[in-house]
Amino acid sequence: NKTGVRLQGILAIPDDYKAGEKRPMLVTFYEKNSQNLHRYNAPSYLSGMGSSPMQAVTEGYLTMLADIHYNTGSSHSDQLECVEAATRKVIEMGYADPKRIGVNGHSYGGEGAAFIGTRSKMFAAVGVGAGVSDLYSDFTQSWGWTYQVTGGSGANASDYYMEGQGRWGFSPWEKPEVYHFESALTHVPETVSPILIMHGTADPTVSFTEGLNFYQALRFNKKDAVLLAYPGEGHGLTGLANRRDLTVRYFEFFNHYLKDAPAPK
């Protein structure tokens, strides 16, 4: 790929796979995943959209965890490039049905999934969990101290953007065109994939308005979007009933678009 690094990731293949079959595939990402090749992935209910659920493999999906190789100042474009490159590789290997591939991510991966969902034509369905949709507004977001939401660190998000995981290295006032381009909200009119958004309404790390505004923008532009809002939940779901609910809806959504299952009401 353009970053000059070797493609890496983890591909899980169902036990009943037969040579030559082209299966539906679910892709997830965050940073690097290949170091977890021999780490056991226990079955569980989903707490967010960043998991690669064991249930998916049991139900016949290929699952792929792509490695992301980041540069400074282009995080979302890097995620798009690496996820597309890894997905193309699995298609070239003959495993995946190119018309039945979904992608999902949460938090840092959620904002990347939102960007991929608005920029890529490769994915038949996209899942976005607790993701930033507008980098400009999120830069000055307080993490966990507002008059409505408590429980976070209280730090300002700017350190995260300038020197932390965000990897931007400059402020939105220095390079507003980059913050604008790298925000999913900018590209909503170009979106072709249906998008499932989930967000806790009391999220202290990524404001619930980031998910809500993304949903409203998609609906305004007549795109296929569903919002799952979980009252009182934070950056990931802790309530067992909510985790079960998300797991059920996750599979209803992807099974509909990747396996032609009937759409739930």
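Residues numbered from 1 in each chain as written. Predicted model: local features only at pLDDT ≥ 70, side-chain atom pairs only at ≥ 80, totals over all residues. Heavy atoms only, no water.

A. A look at the packing of aromatic side chains. A complete count under the given rule lists 17 aromatic pairs for this structure. Taking the centre distance of 6.1 Å and the plane angle of 70° together, the rings of Phe115 and Phe181 count as edge-to-face. One end of the pair, Phe115, is in helix H3 (residues 108-119); the other, Phe181, is in helix H6 (residues 176-181), with 66 residues separating them in the sequence. Under the relative-accessibility criterion, Phe115 is labelled buried at 1%. Here the aromatic residues Tyr30, Tyr70, Tyr108, Tyr136, Phe139, Tyr160, Tyr161, Trp168, Phe170, Trp173 and Tyr179 are joined through ring pairs into a cluster of three or more. The ring of Phe170 carries the charged tip of Lys175 above its face, separated from the ring centre by 4.6 Å. The ring of Tyr61 carries the charged tip of Lys259 above its face, separated from the ring centre by 4.4 Å. (Phe/Tyr/Trp six-rings, centres within 6.5 Å; stacked < 30°, edge-to-face > 60°. Helix = DSSP H or I, 4+ residues; strand = E, 2+ residues; numbered from the N terminus. Buried < 20%, exposed > 50% of the residue type's maximum accessible area, 1.4 Å probe, protein only. Lys NZ or Arg CZ within 6 Å of the ring centre and 35° of its normal.)

B. Seen up close, the side chain of Ser133. Tracing the backbone shows Ser133 in the loop between strand E5 (125-129) and helix H4 (135-138). Judged by relative accessible area, Ser133 falls into the buried class, the value being 2%. There is a polar contact of 2.8 Å between the side chain of Ser133 and the backbone oxygen of Glu210. Setting aside anything within four residues of it in sequence, one finds Ser133 in contact with Ser183, Ala184, Leu185, Glu210 and Phe214. (Polar contact = N/O pair within 3.5 Å; in protein donor to acceptor, adjacent residues only side chain to side chain. Contact = heavy atoms within 4.5 Å.)

C. How the structure looks around the pattern of salt bridges. A complete count under the given rule lists eight salt bridges for this structure. Linking Arg100 and Asp260 is a salt bridge whose minimum nitrogen-to-oxygen distance equals 2.8 Å. Here Asp260 lies in the segment after helix H8 (240-259) and Arg100 lies in strand E4 (residues 96-106), a separation of 160 residues in the sequence. A relative accessible area of 24% places Arg100 in the partly exposed class. Overall, the relative accessible area of 55% leaves Asp260 in the exposed class. Its salt-bridge partner being Glu190, residue Arg119 comes within 2.9 Å of it at the nearest N-O pair. In this pair, Arg119 is assigned in helix H3 and Glu190 in the loop between H6 and strand E6 (195-200), connecting sequence segments 71 residues apart. (Salt bridge = Lys/Arg side-chain N within 4 Å of Asp/Glu carboxyl O.)

D. Spatial organisation of the sheet that holds strand E2 (residues 23-29). Taken in spatial order, the seven strands of this open sheet run E1-E3-E2-E4-E5-E6-E7, and their pairing is mixed. Either end of the sheet is taken by a strand with one partner, and the two such strands are strand E1 (9-12) and strand E7 (225-230). Averaged over all pairs of adjacent strands, the angle between strand axes in this sheet comes to 15°, irrespective of strand direction. Across the sheet, H8 touches E2, E4, E5, E6 and E7, and the angle it forms with E4 is around 155°. (Pairing = 2+ DSSP bridges. Axes fitted to C-alpha atoms, helices over the stretch in contact; angles between N-to-C directions.)

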